[in-house]
Amino acid sequence: MTPIRLFGDPVLTTPAAPVVDFDAELRQLVGDLTETMFAAGGAGLAAPQLGVGLRVFTWYVDGEVGHLVNPDVRPVGDETEEGPEGCLSIPGYRWDCRRHLHVVATGWNLHGDPVRVEGSELLARAIQHETDHLDGVLFVERLDAETRRLAMRAIREAEWAGAGAPAVKVSPHSTFGKAL
Ligand SMILES: [Zn+2]
């Protein structure tokens, strides 16, 4: 398990590079992401959140754990859904964020085999949130203007702002309340 980088860390706003070698290092990274995601009680985690600038993320949604390498994500249909979203790099907060309701993601697993994942609702939200991380985008950038203003104020005033260990506050009872 590796400490999760917090808002303000430059690695979180730097686009990640594609994985080239499907080697032991990648297997270790996927293992570390999965373990750290479980330990933090999260629904998803992207490599830049562990300080690794590679296009890899994991998820844990509806009892299913998965990972994707070099993902390509596309919306399916036009439906969107506004719902509460959180981020392990912005611990302790949730804001409503609009996302595509259905997506399809293609990419590779850690062995280099092609993978295709269709997701709706929370899985779709997690995949979009984690793919944003790979592009150096934090979900506060996806909020409407007023919510974003409130979010930025809360982040500035957060007890972890500027450094320190994250105090992750997530409900153990709600999957939908889990951070990503
Ligand atoms: Zn996040």
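Definitions and cut-offs
- Residues numbered from 1 in each chain as written.
- Predicted model: local features only at pLDDT ≥ 70, side-chain atom pairs only at ≥ 80, totals over all residues.
- Heavy atoms only, no water.
- Helix = DSSP H or I, 4+ residues; strand = E, 2+ residues; numbered from the N terminus.
- Rg over C-alpha atoms; globule rule 2.2 N^0.38 Å.
- Buried < 20%, exposed > 50% of the residue type's maximum accessible area, 1.4 Å probe, protein only.
- Contact = heavy atoms within 4.5 Å.
- Areas by Shrake-Rupley, 256 points an atom, 1.4 Å probe, with all protein chains shown as cover.
- Lys, Arg positive; Asp, Glu negative; His and termini not counted.
- Charge placed at Lys NZ, Arg CZ, Asp CG, Glu CD.
- Salt bridge = Lys/Arg side-chain N within 4 Å of Asp/Glu carboxyl O.
- Pairing = 2+ DSSP bridges.
- Axes fitted to C-alpha atoms, helices over the stretch in contact; angles between N-to-C directions.
- Donors = N, O, S within 2.8 Å, 3.2 Å for Na, K, Ca; no water.
- Phe/Tyr/Trp six-rings, centres within 6.5 Å; stacked < 30°, edge-to-face > 60°.
- Expected span 1.5 Å × (residues − 1).

Draft legend 1. Molecular detail of the overall build of the chain. Per the secondary structure count, the chain includes three helices and seven strands. Along the chain, helices (α) and strands (β) appear in the sequence α-β-β-β-β-β-β-β-α-α when read from the amino end. Against the compact-globule benchmark of 16 Å for 180 residues, the chain has a radius of gyration of 15 Å, which places it among compact chains. Along the first, second and third principal axes, the C-alpha set of the chain runs to 45 × 40 × 30 Å. Classification of the 180 residues of the chain by burial places 48% in the buried group. Relative to all contacts within the chain whose residues are 6 or more apart in sequence, the contacts with residues 24 or more apart total 67%. For the chain, the computed accessible surface area is about 8700 Å², with 51% contributed by carbon and sulfur atoms. Where the 16 positive side-chain charges of the chain centre and where its 26 negative ones centre are 5 Å apart.

Draft legend 2. Quick peek at the pattern of salt bridges. A complete count under the given rule lists ten salt bridges for this structure. Between arginine 55 and aspartate 135 there is a salt bridge whose closest N-O contact spans 2.8 Å. Taken together, the positions of arginine 55 in the loop between β1 (44-46) and β2 (56-61) and aspartate 135 in the loop between α2 (121-134) and α3 (145-157) put the pair 80 residues apart, joining distant regions of the chain. With a relative accessible area of 36%, aspartate 135 lands in the partly exposed category. Each of Glu81, Glu85, Arg99, Arg125, Asp132 and Arg142 takes part in one network of salt bridges that share partners.

Draft legend 3. Representation of the sheet that holds strand β3 (residues 64-75) in the model. The strand order β1-β2-β3-β6-β7 describes an open sheet built from five strands, whose pairing is antiparallel. Edge strands, defined here as strands with exactly one partner in the open sheet, are β1 and β7 (114-120). Strand-to-strand twist in this sheet, taken as the mean axis angle between neighbours without regard to direction, amounts to 40 degrees. Pairing of strand β6 (residues 102-108) with β7, which is carried by seven bridges, proceeds in the antiparallel orientation.

Draft legend 4. Region of interest: the coordination of the zinc ion. The coordination sphere of the zinc ion, as far as protein atoms go, consists of Cys87 (SG), His129 (NE2), His133 (NE2) and Leu180 (O), spread over 2.0 to 2.3 Å. Spacing between the donor residues of the zinc ion along their common chain follows C-x41-H-x3-H-x46-L. Residue histidine 133 is found in helix α2, and its partner leucine 180 is found in the segment after α3; the two are separated by 47 residues along the sequence. An identical accessibility class is assigned to histidine 133 and leucine 180; each is buried.

Draft legend 5. The arrangement of the packing of aromatic side chains in detail. Scanning the model with the defined rule gives four aromatic pairs in all. With a centroid separation of 5.3 Å and 5 degrees between ring planes, the pair formed by tyrosine 93 and tryptophan 95 is classed as stacked. Given a relative accessible area of 25%, tyrosine 93 falls into the partly exposed group. Using a relative accessible area of 12% as the deciding quantity, one classes tryptophan 95 as buried. Their ring planes at 35 degrees and their centres at 6.1 Å tell us that tryptophan 95 and phenylalanine 139 sit as a pair that is tilted.

Draft legend 6. Geometry of the pairing of strand β4 (residues 80-87). The pairing of β4 with strand β5 (residues 90-100) spans seven bridges and is classified as antiparallel. In the sheet register, threonine 80 faces β5, and the bridge partner there is histidine 100. Counted along the chain from β4 to the antiparallel partner β5, the turn is two residues long.

Draft legend 7. Representation of helix α1 (residues 24-40) in the model. For α1, which comprises 17 residues, the first-to-last C-alpha distance of 24 Å matches the rise-based estimate of 24 Å (1.5 Å per residue) to within 8%. Looking at α1, one finds that the buried residues are Leu26, Leu29, Val30, Asp32, Leu33, Thr34, Thr36, Met37 and Ala40. Buried positions along α1 lie against β1, β2 and β3. Just beyond α1, the residue with positive phi is glycine 41, at close to 70 degrees.

Everything listed here is a matter of geometry and, on its own, says nothing about what the molecule does.
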